[in-house]
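Observations on chain architecture
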Amino acid sequence: MPKSKHQATELMPVLDMAGISVSFPGVKALDKAELTVYPGEVHGLVGENGAGKSTMIKVLAGVYSADEGIVSLGKETYKNLSPASVHAAGVRFIHQELHLVPHFTVAESVFMGQEISGRFGLDKRTMNARAETFLHKTLNAHISPRTLIRDLGTAERKLVQIARALIDGQAKLVVFDEPTAPLTSGEVDQLFAAIAGLKSKGIAMIYVSHYLSEITSICDRVTVLRNGKTVKVFNKVSDQITDPMIAAMVGREIADMFPEKENTPKTKLFEVKGLSGASFSQVNFEVAAGEVIGIAGLIGSGREELIDTIYGLLPKTDGQMTLKGKAYVPKRPAMAVKAGVALVPRDRRNDGLVLDQLVVDNINLASLEEVSTALMEKRGFAKYRAETMADQLDLRPRNVTTIPRLLSGGNQQKVVLGRWLVKGGDLFILDEPTIGVDVGAKVEIYALIRKLAAQGSAVIVSSGDPVELLGLTDRIMVLRRGHSEVSHDAVDLTVDSLIALTTGGSLGTAK
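The structure reproduced in this document is the subject of the present report. (Residues numbered from 1 in each chain as written. Predicted model: local features only at pLDDT ≥ 70, side-chain atom pairs only at ≥ 80, totals over all residues. Heavy atoms only, no water.)

What to know about the nonpolar core
Core analysis: the biggest nonpolar cluster contains 125 residues, and Leu139, Met245, Phe270, Phe285, Leu306, Leu427 and Ile460 have the highest contact counts within it. It is helix H16 (residues 439-454) that provides the largest number of residues to this core, a total of 9 residues. Beyond its immediate sequence surroundings of up to four residues, leucine 427 is in contact with Leu269, Phe270, Val287, Leu323, Gly340, Val341, Ala342, Ala458 and Ile460. Judged by nonpolar contacts, the second largest core, of 31 residues, contains Val22, Ala33, Leu35 and Leu81. (Core = buried A, V, L, I, M, F, W, Y, C linked by side-chain atoms within 4.5 Å. Buried < 20%, exposed > 50% of the residue type's maximum accessible area, 1.4 Å probe, protein only. Helix = DSSP H or I, 4+ residues; strand = E, 2+ residues; numbered from the N terminus. Contact = heavy atoms within 4.5 Å.)

So, the packing of aromatic side chains
Here the structure, examined in full by the defined rule, presents 6 aromatic pairs. An angle of 70° between the planes, with centres 5.2 Å apart, marks the rings of phenylalanine 24 and tyrosine 64 as edge-to-face. With a gap of 40 residues between them, phenylalanine 24 in strand E1 (residues 15-24) and tyrosine 64 in the loop between helix H2 (53-61) and strand E4 (68-73) connect regions that are remote in the sequence. Summarising the aromatic geometry, the rings of phenylalanine 176 and tyrosine 207 are spaced 6.5 Å apart at their centres and angled 40° between planes, so their arrangement reads as tilted. Taken together, the residues span a long stretch of sequence, with phenylalanine 176 in strand E9 (residues 173-177) and tyrosine 207 in strand E10 (residues 204-208) at a distance of 31 residues. Here phenylalanine 176 and tyrosine 207 have matching classes, each one buried. Three or more aromatic residues joined by ring pairs make a cluster, and in this case those are Phe176, Phe192 and Tyr207. (Phe/Tyr/Trp six-rings, centres within 6.5 Å; stacked < 30°, edge-to-face > 60°.)

Digging into the pairing of E10
Across the 5 residues that make up E10, a large majority, 5, are buried. With burial as the criterion, each face of E10 is covered, one bearing Ala204, Ile206 and Val208 and the other bearing Met205 and Tyr207. The pairing of strand E3 (residues 42-46) with E10 spans 4 bridges and is classified as parallel. Considered in E10, the bridge of valine 42 is made with methionine 205. One ladder, built from 5 bridges, connects E9 with E10; its direction is parallel. (Pairing = 2+ DSSP bridges.)

Side note on the pairing of strand E13 (residues 268-277)
A large share of E13 lies buried, amounting to 8 of its 10 residues. As paired strands, E13 and strand E14 (residues 280-288) are joined by 6 bridges and run antiparallel to one another. In the strand pairing of E14, glycine 277 is matched with phenylalanine 280. Following E13, the chain reverses through 2 residues before pairing antiparallel with E14; serine 279 in that reversal takes a positive phi of roughly 75°. Looking at chain direction, E13 and strand E16 (residues 318-323) are connected through 5 bridges and run antiparallel. Residue pairing in the sheet places lysine 273 in a bridge with glutamine 320 of E16.

Quick look at the sheet that holds E4
If you trace the 4 strands from one edge of the open sheet to the other, you get E2-E1-E4-E5, paired in antiparallel fashion. For this open sheet the edge positions go to strand E2 (27-37) and strand E5 (76-78), each flanked by a neighbour on one side alone. Each neighbouring strand pair of the sheet contributes to a mean axis angle of 20°, computed without reference to strand direction. Pairing geometry for E4 and E5, over 3 bridges, is antiparallel. Counted as the bridge partner of valine 71 is tyrosine 78 from E5. Each of E1, E2 and E4 is contacted by H2, which is oriented at about 115° to E1, the strand it contacts most. (Axes fitted to C-alpha atoms, helices over the stretch in contact; angles between N-to-C directions.)

Everything listed here is a matter of coordinates, which is why it stays silent on function.
Have a look at this one:
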């Protein structure tokens, strides 16, 4: 591999994980994997689900012991780490989940577990002052230390979480694990500003994310894992490495990500005329059997509200919908399901899954009448249906008696899709179907979506990813400020022209 600027100056790495191997029963999670991080750099760690990212981080955290390999933190070398030794070496972890107590103040949260005591108990004055100074000077955050956590926005809570990890001033390496998953785009910018502040102080960071645009915008170098091995290190990062990075992650070129689109005669199945509702008005479009239509639009364009109205989650204020030639007026989701409409929601964890109920039960949730007699469930048949679907979806692991909470994002999404594939339907609505899903799982989900269309269903895909819409759909309807534009054939659009349409820019629509 080519030497980086850090290697060229022989700067001692903050972290050097060399030849790391970890095996579980029947699975080699890491196979002589490598990861080197230098002071003051933001180092991206990417790979599809199951590539070994989580295992690598857990070895670093002292949660897993490596079967082979060594870990060096500064001048110290370890065969195996413990959480205590990792913390003493200055490694800190910022997890995706916030784990903050809602009724604590900001200062109490920052100093939780490391409180400052005075003669008469907790020294709240000093804690308040130090928390406020740290948040302002280190993270560029103006947050009152007396504010309750429950009164903060998600991004502010993330900054408090970071402050809690770094307040002791001993951090040399900070690991960010999917830190932007719960954040909006504006909140992401706030987090990135904080990361830049840490970088300016010489703190090294490992940044784990499925969002490759974040990787290319914030990272100095990137390590790619595939099947437990380090397959590529990018020592120069820019937008131009996105396609090679994806190819390294999945072992194939980006052009191969999307299945071929079948051009077959289509009969109109669902139509919207002059539909108005919360945040959108006078929307018109139609989708035919065997067709995948995309809905594009920025946050606030009305895209989410339109989907919720079609599914009966929100009421319409005007206009008509027609399904299979008949008036379609869903006043609640149950009416939509009865009419043959299925929704894969944008927030699968909260709206699409019962996280602590078995996969078999989640898959059969929409078709209980088919796996029960009177008040008794036909458990064997329910399990058979779920296992058959798990095979079709390549669910990993195949065990349908596990719970979705333990599955990766891509496999959670497969469970939601499996529920509706078992149930069947005429119109499938997929709202951000691959958000938070790794590239390899995206390829599998794209193939499932095109298979639905090939079997005669009409499919609506609402997505904020222009590459996804262009590669997956037949036509794209753009929403801008709540109003629909004329639908465009996807083949006639480029990424630039689609972005221009969604933002009101001046680029043309044709290639």
